[in-house]
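# Chain and residue survey
Listed below are the residues making up each chain.
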Amino acid sequence: MHEGERQREEEYESLPSEFTEPRSIGRAIALVLAGIGIGAGLALLLTPRRGEEVRDAIGRGYRKTVAGLSERAHDLREDLRERAHDLKADLQERAPKLLRFARHRVDRRFRES
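Residues numbered from 1 in each chain as written. Predicted model: local features only at pLDDT ≥ 70, side-chain atom pairs only at ≥ 80, totals over all residues. Heavy atoms only, no water.

## Digging into the overall build of the protein
Operational definition: Helix and strand assignments follow DSSP, with helices taken as H or I runs no shorter than four residues and strands as E runs no shorter than two, numbered in order from the N terminus. For every residue, the accessible area obtained with a 1.4 Å probe (protein chains only) is divided by the maximum for its type, and the residue is called buried under 20%, exposed over 50%, and partly exposed between those limits.
Counting its regular elements, the protein contains 4 helices and 0 strands. Ordering the α and β elements of the protein from the N terminus gives α-α-α-α. Taken over 113 residues, the protein has a buried fraction of 4%.

As structure tokens, this is what we get:
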């Protein structure tokens, strides 16, 4: 391995797990999106518009965000239900085979001893 590659690998391995775990990446993305939202809200508040226009714009943005989050939550619930149904069907199919295999292994161990 080239010295530069080894050094980069060591630097990556020395990073705290909070920077390399997939969950933390999702959290980082969420924080960036929250920062964008806060920045957009501040930009609206600091624009030279009338108060009513700013309130309307904030209200529209809020309603749009809430609708998007509600739709996303609905999609996630449906996906979870579907995955749970698939998992249940898979377990119902595999459980008898697994039990037969386990019984066979136990019987074989008792015969050997």
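## Considering helix α4 (residues 51-112)
Short version of the rule: One fewer than the residue count of a helix, multiplied by 1.5 Å, yields its expected span. One axis is fitted to the seven residues ending at the residue and one to the seven starting there. The bend at that residue is the angle between these axes.
Here α4 is 62 residues long and its end C-alpha atoms lie 85 Å apart, about the 92 Å a rise of 1.5 Å per residue gives. Taking the largest bend as the criterion, α4 deviates by roughly 35 degrees, centred on Arg94, and proline Pro96 comes between one and four positions later. Turning to α4, its buried residues number three or more, namely Val54, Ala57 and Gly59.

## With respect to the confidence of the model for the protein
Close inspection of predicted coordinates is inappropriate for parts of the model with low pLDDT. What counts is decided by this rule: pLDDT is defined as a per-residue confidence score from the predictor, taking values between 0 and 100.
In the predicted model, the protein carries a mean pLDDT of 79, and 79% of its residues have values of at least 70. Mean pLDDT per element in the protein: helix α2 (residues 17-20) is the minimum at 52, and α4 is the maximum at 86.

## Let's talk about a nonpolar patch on the surface
The line we're drawing: Without a salt bridge and with relative accessible area above 30%, a residue can belong to a patch; like charges are then joined within 9 Å and nonpolar side chains (Val, Leu, Ile, Met, Phe, Trp, Tyr) within 5 Å. Each accessible area is a Shrake-Rupley estimate made with a 1.4 Å probe; only the visible protein chains count as cover when residues are assessed. Criterion for a salt bridge: a side-chain nitrogen of Lys or Arg within 4 Å of a carboxyl oxygen of Asp or Glu.
On the surface, Ile25, Ile29, Val32, Leu33 and Ile36 cluster together into a nonpolar patch covering about 490 Å² of accessible area. As for its placement among the helices and strands, Ile29 is situated in helix α3 (residues 22-46).

## Focus on the pattern of salt bridges
Tallied over the entire structure, the rule returns 3 salt bridges. Where Arg81 meets Glu78, a salt bridge forms, and the shortest distance between an N and an O atom there is 2.8 Å. With a gap of 3 residues between them, Arg81 and Glu78 both fall in helix α4, about one helical turn apart.

## Description of a positive patch on the surface
Test applied: For the purpose of counting charges, residues Lys and Arg are taken to be positive, whereas Asp and Glu are taken to be negative. His and the chain ends are not included. Taken as the charge centre is NZ of Lys, CZ of Arg, CG of Asp or CD of Glu, depending on the residue.
Residues Arg105, Arg108, Arg109 and Arg111 make up a contiguous surface patch of positive charge. With respect to the helices and strands, the residue Arg108 is situated in helix α4.

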